[in-house]
Amino acid sequence: MKMLIATKNPDKIREIKEIIDSNIEFVLLSSLPFEIDVIEDGKTIEENAIKKAVEYAAFSSMLTLSEDSGLEIDYLNGAPGVYSSRFGGDISYDEKNRLIIKLLEGVPFEKRKARFKTVAALASPSGFLKTSEGIVEGFISFEPKGNNGFGYDPIFFYPEFNKTFGEVGLEEKNKVSHRASAIRKIEKILFLLKQEAKEDY
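Remember, predicted model here, so these are calculated numbers, not experimental data.

### Points about the environment of Ser 181
In step 1: Structurally, the position occupied by Ser 181 is in helix 5 (residues 178-196).
In step 2: The partly exposed category is assigned to Ser 181, whose relative accessible area is 26%.
In step 3: Sequence-wise, Ser 181 and Val 136 are 45 residues apart; in three dimensions their C-alpha atoms are separated by 8.7 Å.
In step 4: Apart from residues no more than four positions distant in its own chain, Ser 181 is found in contact with Glu 133 and Gly 134.

Have a look at this one:
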């Protein structure tokens, strides 16, 4: 079974490949003979995930997996949320992390609750569509820690590890992460599709 991974983010691609253990032939956007850009203008993480999966599936005529993720911080009324990748404008994630820490300056640990949320979507050109959600709860640390992971990982403190996601390896992160939770649910759907052996998928 072939499946298009509808993201250009190399870190997300690496995590998805590590999470999915099934015998799937992954196809990357960079290997397509044409370039597609889907505008992520959804009002929610779920809307963005679905839009990418459906449109890339239609353009490529392939079973397509997409995902959209966001960091929600209670003290900031859920921000940056669906705008996580655009938060603070065209700046690096190091700068985004520093900006969030500055916005939470003086806020005690117990009020720094946050969560990572991922919605994964699986779509086929024939109209098949399934979604799944993964959430992991934690806190925003007082400073960035760790050089692993990507994005907001260095400031997302996970109490069960007593570390930020930036301080743990990919294998350990994938045991509990939002993306791993959502993608593993999709993997079960992929297994069922393979069992049914429906050629239109």
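### Description of the pattern of salt bridges
In step 1: Inspection of the entire model under this criterion finds 15 salt bridges.
In step 2: The closest approach of N and O atoms between Arg 14 and Asp 11, which form a salt bridge, is 3.9 Å. Separated by three residues within a single helix, Arg 14 and Asp 11 lie in helix 1 (residues 10-19), roughly one turn from each other.
In step 3: Judged by its relative accessible area of 40%, Arg 14 is partly exposed.
In step 4: Overall, Asp 11 belongs to the partly exposed group, its relative accessible area being 25%.
In step 5: One network of salt bridges, with partners in common, ties together Lys 12, Glu 15, Glu 67, Asp 153, Lys 173 and Arg 179.

### Focus on the side chain of Lys 96
In step 1: With respect to the helices and strands, Lys 96 occurs in helix 3 (residues 93-103).
In step 2: Here Lys 96 occupies a buried position and makes no salt bridge, while the nearest side chain of opposite charge, Asp 90, is found at 6.8 Å.
In step 3: Within the local environment of Lys 96, its side chain forms a polar contact with the backbone oxygen of Ser 85, the two atoms lying 3.3 Å apart.
In step 4: In this view, Lys 96 contacts Ser 84, Ser 85, Arg 86, Phe 87, Gly 89, Ile 91 and Tyr 152; residues no more than four positions away in its chain are not counted.

Parameters at a glance
- Note that residues are indexed from 1 along each chain, following the sequence as it is written.
- Note on the predicted model: pLDDT of at least 70 is required for a residue's local features to be given, and 80 or more for side-chain atom pairs to be given and counted; whole-chain, interface and lining totals, by contrast, use all residues.
- As a rule here, side-chain values come from all non-hydrogen atoms in the structure, and water together with hydrogens is ignored.
- Working definition: helices are DSSP H or I runs of at least four residues, strands are E runs of at least two. Numbering for both runs from the N terminus.
- Only protein chains enter the calculation, and the probe is 1.4 Å; a residue is then buried if its accessible area is under 20% of its type maximum, exposed if over 50%, and partly exposed in between.
- Only heavy atoms enter the contact rule, under which two residues are in contact if any of them lie within 4.5 Å.
- For this analysis, a salt bridge means a side-chain nitrogen from Lys or Arg found within 4 Å of a carboxyl oxygen belonging to Asp or Glu.
- Charged residues are defined here as Lys and Arg on the positive side and Asp and Glu on the negative side; His and the ends of the chain fall outside this count.
- Whenever two N or O atoms come within 3.5 Å, that pair is a polar contact, provided that in protein one can donate a hydrogen and the other can accept it, and provided that, for residues adjacent in sequence, both atoms are side-chain atoms.

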